[in-house]
Amino acid sequence: MRVDSQEILEKFLVLIAHALLGLFAAGVLGLLLYIVMLPIVQSFWSVADINFALVSVLTIGFGATAGSFLGWLNRDLGRSTLLIILFLTLAVTLLAAWAGLHNSRDVFKLVGKPGIPALTGIVVGAILGGNALNLLLWMVRTVRDPRL
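Being a predicted model, the structure only gives us computed values, none of them experimental.

### Here we look at the packing of helix α2 (residues 52–71) against helix α3 (residues 79–103)
Axis separation between α2 and α3 bottoms out at 8 Å; the angle between their running directions is 140°. Relative to α3, α2 is oriented oblique. The two elements α2 and α3 cross, and the hand of that crossing is right-handed. Here α2 contributes Ala53, Val57, Leu58, Gly61, Phe62, Ala64, Thr65, Ser68 and Phe69 to the contact with α3, which in turn contributes Leu82, Ile85, Leu86, Thr89, Leu90, Thr93, Leu94, Ala97, Trp98 and Leu101. Considering only residue class, the contact of α2 with α3 consists of 14 nonpolar, five polar and no charged.

Take a look at the structure:
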């Protein structure tokens, strides 16, 4: 089987398009979910009782999971395969967001209130974690199946 340069270029362009869409959608949905959910969480609990690190990791992690999953979505796969990929993406994204939280220890202290973590590490970790797993799965699928 001969692979020509046109096929390689097409696969590379598809990879770039998926990666850009996954990175953009993960960042936008992660921050959007954080912005929407933080006031909702604060309205139900006292500010002194909120663990802002956990709220940040969960909201940004879930949003980044949705964005990266939608950016790399392959509708040719079966429902059970998509659910497994979604669960794995969620697990890796939450772990990467948690690692990003501990990588950037900048915490904004409020007087008499718990600290609010800086979102940079959490967002970058969640975006890269979800997209790295989907990139790996896309590469494995491309090597196994010669079609795009």
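### Examining α3
With 25 residues, α3 should cover 36 Å at 1.5 Å per step; its first-to-last C-alpha distance of 35 Å lies within 8% of that length. Residues of α3 that are buried: Leu82, Ile85, Thr89, Thr93, Ala96, Ala97, Gly100 and Leu101.

### Side note on the packing of helix α1 (residues 5–44) against helix α4 (residues 119–144)
At a minimum axis separation of 10 Å, α1 and α4 run at an interaxial angle of 150°. Put simply, α1 runs roughly antiparallel to α4. Crossing handedness for the pair α1 and α4: right-handed. When α1 is examined against α4, the residues Lys11, Val14, Leu15, His18, Gly22, Leu23, Ala26, Gly27, Leu31 and Tyr34 are found in contact with a partner set consisting of Leu119, Val123, Ile127, Asn131, Leu135, Trp138 and Thr142. Class assignment of the residues belonging to the contact of α1 with α4 gives a composition of 11 nonpolar, five polar and one charged.

Cut-offs used in this document
Residues numbered from 1 in each chain as written. Predicted model: local features only at pLDDT ≥ 70, side-chain atom pairs only at ≥ 80, totals over all residues. Heavy atoms only, no water. Axes fitted to C-alpha atoms, helices over the stretch in contact; angles between N-to-C directions. Helix = DSSP H or I, 4+ residues; strand = E, 2+ residues; numbered from the N terminus. Parallel < 35°, antiparallel > 145°, perpendicular 65-115°, else oblique. Left-handed = near helix turned anticlockwise from the far one by under 90°. Contact = heavy atoms within 4.5 Å. Nonpolar A, V, L, I, M, F, W, Y, C, P; charged D, E, K, R; others polar. Expected span 1.5 Å × (residues − 1). Buried < 20%, exposed > 50% of the residue type's maximum accessible area, 1.4 Å probe, protein only.

Interpretation in functional terms is not warranted from these geometric data alone.
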